[in-house]
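Chain by chain, the residues run as shown.
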Amino acid sequence: MTQVSENFILPHCYQSSVLTLIITSLEYSFYLLLVTLLGVGLVVLTRTIMFTQKARTPRDVSFSGLDIHGAVQRLSQAIQFKTVSTQDQHGFNADEFRRQHAFIQESFPRVHQHLKREVINEFSLLYTWQGNDEKLKPVMFTSHLDVVPVEPGTEGDWEYPPFSGHITDTHVYGRGTMDVQCGVMGLLEAVEWLLEHGYKPARTIYLAFGHDEEVDGIEGAMKIAEVLERRGVELDYLLDEGLVIAHNLLSQKQEPVALVAIAEKGYLSLELSVESEGGHSSVPQGVTSIGILSGAIHKLESNPMAGHLSGIMRSTFETMAPRLPIPYRSAIANLWLFRKLFQNRLSAEPATNAAMRTTTATTIFDSGIKENLIPTQAKAVVNFRVHPHDTIEKVIAHVRKTVEDPRIKIRKLDGYIEPSPVSDTNCKYYKLLKVSIRQVFNDVSVSPSLMVGATDARHYTHLTKNIYRFLPIRSDASDLDRVHGTNERITIDNYADMIRFYIQMMRNTAVVLPRTDSHSTKVNLFGAGDTTA
Ligand SMILES: [Zn+2]
């Protein structure tokens, strides 16, 4: 027994030492894991805390005697002009634009007394408010006079007729209330108010209103840009319409954020075509043109170009993070850990997906004329909105590589444009824009972002490197459906704030001095010395 037990003792000792070793190494692994998790947790927590919101102190600004009632009436009247732009120009009504011009002249007497007014290419307007300090470069505010048509058949879905400019207790309704008669009228109201209160700009302020932004801006904004370029004008900055104050952007708990587009995507349409043997459908000879082209389109749609969570997108989320609910804030503060997860979440939403990458959309597919004939030809058009990370050349290379089929011809269609340059967010003009937004919209934060559609701003890129695209309209996703859609409307309160914002932006950046007291009043860039407001 002893022998046996001795025999057993040895292996038992051995066993227990192995067991101890295993337990020790398990304990070690456990502690290592615990320490690692604690370490990661600590880093995540520290970085999250670093993204906590800093307290803001909105400055006191006032806008005494701003006639909101009158401004709303004038906006309502402006909505009643059918200055519609259509792709084929059949809906273009020159008289409506002329009547609109006359209405603007009547409505803003001081603007027309103190500013130079020029009609460019018959229907666009350029106003120059001459500054008195030639050392300061001018700035420009832009908007557009045209609107999109109302989709035939949807007129009856409007709560009030789309060109009635109907005013309720809370809203003004109609095509152009958001995009963007509010911008044209809001800017003119701002200048009229400044003139009424005796202001005079130190630097020249231009107001430029194109008349065909909704098609391509070639007859309007492009012509205005040519005029200014011929005169050798260089701007310190340009503020165009653009992104808005987004409510509930990532979550219901998120506070509103003013998104300022600092760049605009490029535009490219490619025609893909294929020719193959046709013939009668009773004796098919393998794959048809339609089959070959469908395969290529399928490959393109299932292999989008790479998304990027760097550059503009990263700035968007990092500046937004301090005011986001904790899970979002943690993820953004710790992209080193959560990048993949966050990127997948953004790719799943069409809007954030479009902001992250060059998008691919097949818009035309054309082949076949008769049910029993195999067509020889098939053609498709694929539209790409080119992210500033990419170029048109890179997109074409991606298409060739993805399709990888010599039977498919690829042709670049006219109207392509590279992505815009990215404007600076560290310069004083962006900072002043941020300040102006917060002075009027106290509850919002400001983030740079990317414009996924196109604006007139792309025609002005040679006049300045500081182009910002922002329209101070509060909207959530459902409001945005009204732009170019049914029941477009703006709240009266929002329109009033919009005018205040333009006044404030002009006061802050153009250093507008009260005319009556221009020598004794010291006005700083923030308008703090403003004695009239
Ligand atoms: Zn617009």
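Above: the structure in question.
**A word on the pairing of strand E1 (residues 116-120)**
Pairing of E1 with strand E2 (residues 124-129), which is carried by 5 bridges, proceeds in the antiparallel orientation. Bridging from a neighbouring strand, valine 119 pairs with leucine 125 of E2. Count of turn residues in the E1/E2 antiparallel hairpin: 3 residues, of which asparagine 121 carries a positive phi of about 50°.

**Description of the nonpolar core**
One finds Ala258 and Val260 to be the most contacted residues of the largest nonpolar core, which totals 102 residues. Residue contributions to this core peak at 10 residues, all from helix H5 (residues 181-196). Built from parts of two domains, this core gets at least three residues from each of domain 1 (68-263 + 420-517) and domain 2 (265-412). Formed by 18 residues, the second largest nonpolar core is a distinct cluster that contains Leu272, Val274, Leu300 and Val395.

**Looking at helix H6 (residues 221-230)**
Along H6, the residues that are buried comprise Ala221, Lys223, Ile224, Ala225 and Leu228. Buried residues in H6 make contact with E1, E2 and strand E6 (205-210). Directly after H6, the chain includes glycine 232, whose backbone phi takes a positive value near 75°.

**Focus on the sheet that holds strand E11 (residues 359-367)**
Sheet architecture is open: 4 strands sit in the order E11-E13-E9-E14, paired in antiparallel fashion. Strands at the two margins of the open sheet, each flanked by one partner only, are E11 and strand E14 (408-412). Strand-to-strand twist across the sheet, computed as the mean angle between neighbouring axes with direction ignored, equals 20°. Bridge count between strand E9 (residues 266-275) and strand E13 (residues 377-386): 10 bridges; the pairing is antiparallel. Paired with leucine 272 across the bridge in E13 is alanine 380. Each of E9, E11, E13 and E14 touches helix H7 (residues 289-302); the most contacted strand, E13, lies at about 15° to it. Each of E9, E13 and E14 is contacted by helix H12 (residues 392-403), which is oriented at about 170° to E14, the strand it contacts most.

How each quantity is defined
Residues numbered from 1 in each chain as written. Predicted model: local features only at pLDDT ≥ 70, side-chain atom pairs only at ≥ 80, totals over all residues. Pairing = 2+ DSSP bridges. Helix = DSSP H or I, 4+ residues; strand = E, 2+ residues; numbered from the N terminus. Core = buried A, V, L, I, M, F, W, Y, C linked by C-beta atoms within 7 Å. Buried ≥ 20, exposed ≤ 12 C-beta atoms within 10 Å, placed from the backbone. Domains from an automatic or database assignment. Contact = placed C-beta atoms within 7 Å. Axes fitted to C-alpha atoms, helices over the stretch in contact; angles between N-to-C directions.

By themselves, these are just geometric observations and shouldn't be taken as functional.
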